[in-house]
Amino acid sequence: MAYSDKVVDHYNNPRNVGSFGKDTPGVGTGLVGAPECGDVMKLQIKVNLETGVIEDAKFKTFGCGSAIASSSLATEWLKGRTVDEAAKIKNTDIVSELKLPPVKIHCSVLAEDAIKAALQDYKEKWKETPASGGAS
Amino acid sequence: MPPKLPIFMDSQSTTPMDPRVLEAMLPYFTEKFGHPASRNHPFGWEAEAGVDKAREQIATLVGARDPKEIIFTSGGTESINLALKGVAEMYREKGNHILTTAIEQRASLDVCKRLERQGFEVTYLPVGREGLVDVEALKAAITDKTILISVMFANNEIGTIQPIAEIGKLAKERGIVFHTDATQAVGKVPVNVEAMGIDLLSATAHLMYGPKGVGSLYVRRKNPRVRLAAMMDGGGHERGMRSGTVPVPLVVGFGRAAEICREVMGEEGKRLAALRDRLQDLILSKVDEAYVNGHPSNRLPHNLNISFAYVEGESVLMGLNKESALSSGSACTSSTLEPSYVIAALGVDSELAHSSIRFGLHRFSTEEEVDFVGRRVVEVVHRLREMSPLYELAKEGVDLKTIQWKGE
């Protein structure tokens, strides 16, 4: 199977690989997929609790090259967005940006799920605190 | 000296043709172009002589008594189709039960599925952790309706060699036809249809340094005489079992390939096993939680299959595919999303089925190539583990089995 140049680029130079401490203020963690399905993504966002802007994002992925590329791209897109804007990222955006073939669309779906899970975790952990703002 | 790139290490998919084979084939494309079934002129005689010689070379390699027992086909898939469907149709009056294994190659499994739709009953025997069929279980699965036992000689992914002689003996005792798909084994390890009690044996030229597009089916003529319903009707070539003009240049190449394999098999097997062990040691000494799939000793000498915990197979190949050709049992390399059914059948953890890499050495593999590929695999696996959430969790001491995974 031939990969698009963008998938190859993200695979060779993945953006934002790494982890934040799960309990660091403003950090939301999403862990989606399952090892027996061949794909697991961990995606983390670090939100500025004053402004609601995602200041940093990191990922780790177990999966094929397209899964790695989808999550790497997701972290790139998340940085600088507000939490609300982040929720609007769709898997179809990832598919068209990376030119994923039909058999790899599930990788983009998983990346969207990872974003949603990270946002949800962030909201559950930090949105109820008095310092949160701009995220609603 | 650094090896020439890319390096081919996928010899279970196909092999490079031996230049000596090409040399033998060339005259049969041009000056010796006759039809081997033309009985009345020298062009036909010359072509027939080429085909007869090849038949003999292949018969000798597999230990057949009579070269007439070799039927030429278009390759392994056709041989398997002819064997299974041919027996099913011919012996239908006698019974409708077929015994095979869960790890046969696709062609066998797909033919069995079709036969099931036509009213046959097929038992797919499981295999043990090392890929071996339990002969006692096979014996217990035989019924009075069993007309065929079909067990592959050696597996295409893990290389495990089955106890073929034991199965052949059992089949003979019970009067059941025994077919073996030996496409991965012929020319690599000793195969003898007489000593092993094989009634039908499928082989293909391109996995033994011969050309693509030709294969053979050994069909026993004595003790017992096996009869097959033909799949291809026509001019009655190949004892009526496979009509169609015999592709003389391909067949001549197949014969020469068989002859070379017979001459070099002993030494080649030893050399490739040593290289394979070198590759295995190189990788296992530098990567923890890497597991060899298949039988430790009853295994094809050129075959190595390793599962790397916490990394997915296709992503490993992606890091290597500019410089080396390997294969993965992972879901993502194929058009399906299922992981390797062979690795899964071994009963290993399902995530390890997504993490298997297959190495296939061949006649032209070198030590330099092995060292290069081994080193690169280690690098890529380490790099991918650094970005694997599973590796991170495992290093934190989390048992991955205790996590409630949110499925896709």
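Thresholds, definitions, all that
- Residues numbered from 1 in each chain as written.
- Chains lettered and ligands numbered in written order.
- Predicted model: local features only at pLDDT ≥ 70, side-chain atom pairs only at ≥ 80, totals over all residues.
- Domains from an automatic or database assignment.
- Helix = DSSP H or I, 4+ residues; strand = E, 2+ residues; numbered from the N terminus.
- Pairing = 2+ DSSP bridges.
- Contact = placed C-beta atoms within 7 Å.
- Axes fitted to C-alpha atoms, helices over the stretch in contact; angles between N-to-C directions.
- Core = buried A, V, L, I, M, F, W, Y, C linked by C-beta atoms within 7 Å.
- Buried ≥ 20, exposed ≤ 12 C-beta atoms within 10 Å, placed from the backbone.
- pLDDT = per-residue confidence, 0-100.
- Parallel < 35°, antiparallel > 145°, perpendicular 65-115°, else oblique.
- Left-handed = near helix turned anticlockwise from the far one by under 90°.
- Nonpolar A, V, L, I, M, F, W, Y, C, P; charged D, E, K, R; others polar.
- Arc of directions from axis to C-beta.

## Overview of the domain arrangement of chain B
Quite often, the size of an interface is put as the accessible area lost when its parts meet.
Residue and element names in this part refer to chain B.
So, step 1. Once the domains are mapped, chain B shows domain 1 (7-13 + 265-384) and domain 2 (19-260).
So, step 2. Distance between the C-alpha centres of domain 1 and domain 2: 28 Å.
So, step 3. Those elements that provide at least two residues to the side of domain 1 that touches domain 2 are helix 7 (248-284), strand 10 (303-308) and helix 9 (341-345).
So, step 4. No other element matches helix 9, which puts 3 residues into the side of domain 1 that touches domain 2.

## Let's talk about the sheet that holds strand 10 of chain B
Residue and element names in this part refer to chain B.
So, step 1. Here 4 strands make up an open sheet; going across it, the order is 9-10-13-12 and the pairing antiparallel. Each end of this open sheet is capped by a strand with a single partner; those strands are strand 9 (290-292) and strand 12 (327-328).
So, step 2. One ladder, built from 3 bridges, connects strand 9 with strand 10; its direction is antiparallel. Considered in strand 10, the bridge of Ala-290 is made with Phe-308.
So, step 3. Taken strand by strand, helix 7 contacts strand 9, strand 10 and strand 13 (356-360), and its axis lies near 15° from that of strand 10.

## Observations regarding the nonpolar core
One broad rule of soluble globular proteins: the nonpolar side chains tend to lie buried together.
All names here are of chain B.
So, step 1. Of all hydrophobic cores here, the largest spans 148 residues; its most connected members are Val-62 and Val-251.
So, step 2. Residues from two domains meet in this core; each of domain 1 (7-13 + 265-384) and domain 2 (19-260) gives at least three.
So, step 3. The contacts of Val-62, once residues within four sequence positions are left out, are Val-186, Val-191, Asn-192, Val-193, Leu-201 and Tyr-218.

## Some thoughts on the confidence of the model for chain B
So, step 1. Confidence in the prediction of chain B, expressed as mean pLDDT, is 95, and 98% of residues score 70 or more.
So, step 2. Two summary scores accompany this predicted model of the complex, namely pTM at 0.93 and ipTM at 0.91.

## Notes on the pairing of strand 13 of chain B
All names here are of chain B.
So, step 1. In terms of burial, strand 13 is a largely internal element, 5 of the 5 residues being buried.
So, step 2. Every second residue of strand 13 is oriented toward a common face, with Ser-356, Arg-358 and Gly-360 on one face and Ile-357 and Phe-359 on the other, all of them buried.
So, step 3. Across 5 bridges, strand 10 lies against strand 13 in antiparallel orientation. Opposite Ile-306, over in strand 13, you have Ile-357 as the bridge partner.
So, step 4. The pairing of strand 12 with strand 13 spans 2 bridges and is antiparallel. When the bridges of strand 13 are listed, Ser-328 appears paired with Ile-357.

## Concerning the packing of helix 2 (residues 65-78) of chain A against helix 5 (residues 105-127) of chain A
Residue and element names in this part refer to chain A.
So, step 1. At their nearest, the axes of helix 2 and helix 5 sit 9 Å apart, and the two run at 40° to each other. It follows from the interaxial angle that helix 2 and helix 5 lie oblique. Taken as a pair, helix 2 and helix 5 cross one another with a handedness that is right-handed. The residues of helix 5 that touch helix 2, namely those facing Ser-66, Ala-67, Ser-70, Ser-71, Ala-74 and Leu-78, are Cys-107, Ser-108, Leu-110, Ala-111, Ala-114 and Ile-115.
So, step 2. The residue makeup of the contact of helix 2 with helix 5, split by class, is 8 nonpolar, 4 polar and no charged.

## Considerations on the interface of chain A and chain B
So, step 1. Facing the 26 residues of chain A at the interface are 24 residues of chain B.
So, step 2. Take the side of chain A that touches chain B: its biggest share by element is 4 residues, from strand 1 (residues 27-34) of chain A.
So, step 3. Here the side of chain A that touches chain B is composed, by residue class, of 15 nonpolar, 7 polar and 4 charged.

## Some points on helix 6 (residues 164-174) of chain B
Residue and element names in this part refer to chain B.
So, step 1. Where helix 6 is concerned, the buried positions are Ile-164, Ile-167, Gly-168 and Ala-171. Viewed end-on, helix 6 has its buried residues packed into an arc of 100°, placing them on one side of the element.
So, step 2. For helix 6, the elements touching its buried residues are helix 5 (135-141), strand 5 (146-150) and strand 6 (177-181).
So, step 3. Downstream of helix 6 by one or two residues, Gly-175 has phi in the positive range, about 70°.

## Some thoughts on the environment of Asn321(B)
So, step 1. Looking at where Asn321(B) falls in the secondary structure, it is placed in the loop between helix 8 (313-318) and strand 11 (324-325).
So, step 2. With 15 C-beta atoms counted inside 10 Å, the residue Asn321(B) sits in the partly exposed group.

## A closer look at unusual backbone geometry
Residue and element names in this part refer to chain B.
So, step 1. For the bond running from Leu-5 to Pro-6, omega is -10°, close enough to zero to count as cis.
So, step 2. Considering the arrangement of structural elements, one finds Pro-6 in the segment before strand 1 (7-8).
So, step 3. The omega angle of the peptide bond from Asn-223 to Pro-224 is -10°, so this bond is cis rather than trans.
So, step 4. Locating Pro-224 in the fold gives a position in the loop between strand 8 (215-219) and helix 7.
So, step 5. With a phi angle near 55°, Arg-239 is a residue other than glycine that sits in the positive phi range.
So, step 6. Tracing the backbone through its elements, the reader meets Arg-239 in the loop between strand 8 and helix 7.

## Quick look at the packing of helix 7 of chain B against helix 11 (residues 367-386) of chain B
Residues and elements named next belong to chain B.
So, step 1. Put simply, helix 7 and helix 11 touch, their axes get as near as 9 Å, and they point 25° apart. Regarding the angle of helix 7 to helix 11, the classification is roughly parallel. Helix-helix and strand crossings are classified by hand; for helix 7 and helix 11 the assignment is right-handed. Residue-level inspection shows Leu-275, Arg-278, Leu-279, Leu-282 and Ile-283 of helix 7 in contact with helix 11, the latter providing Glu-367, Val-370, Asp-371, Gly-374, Val-377 and Val-378.

## What to know about the pairing of strand 7 (residues 200-204) of chain B
All names here are of chain B.
So, step 1. In terms of burial, strand 7 is a largely internal element, 5 of the 5 residues being buried.
So, step 2. Alternating positions in strand 7 separate into two faces, Leu-200, Ser-202 and Thr-204 on one and Leu-201 and Ala-203 on the other, with burial throughout.
So, step 3. Judged from the 3 bridges that link them, strand 6 and strand 7 form a sheet pairing that is parallel. Looking across to strand 7, one finds that His-179 is bridged to Leu-200.
So, step 4. Note: strand 7 against strand 8, 5 bridges, orientation antiparallel. Bridging from a neighbouring strand, Leu-201 pairs with Tyr-218 of strand 8.

## Here's the deal with the sheet that holds strand 4 (residues 121-125) of chain B
Residues and elements named next belong to chain B.
So, step 1. The 7 strands lie next to each other as 2-8-7-6-5-3-4, forming an open sheet whose pairing is mixed. Edge positions in the sheet fall to strand 2 (70-73) and strand 4, since each has one partner strand and no second. Across the sheet, the axes of successive neighbouring strands diverge by a mean angle of 20°, strand direction being ignored.
So, step 2. Two elements, strand 3 (residues 97-101) and strand 5, share 3 bridges in a ladder whose sense is parallel. By the bridge assignment, His-97 is partnered in strand 5 with Thr-146.
So, step 3. Against the sheet, helix 6 engages strand 5 and strand 6, with an angle of about 160° to strand 6.

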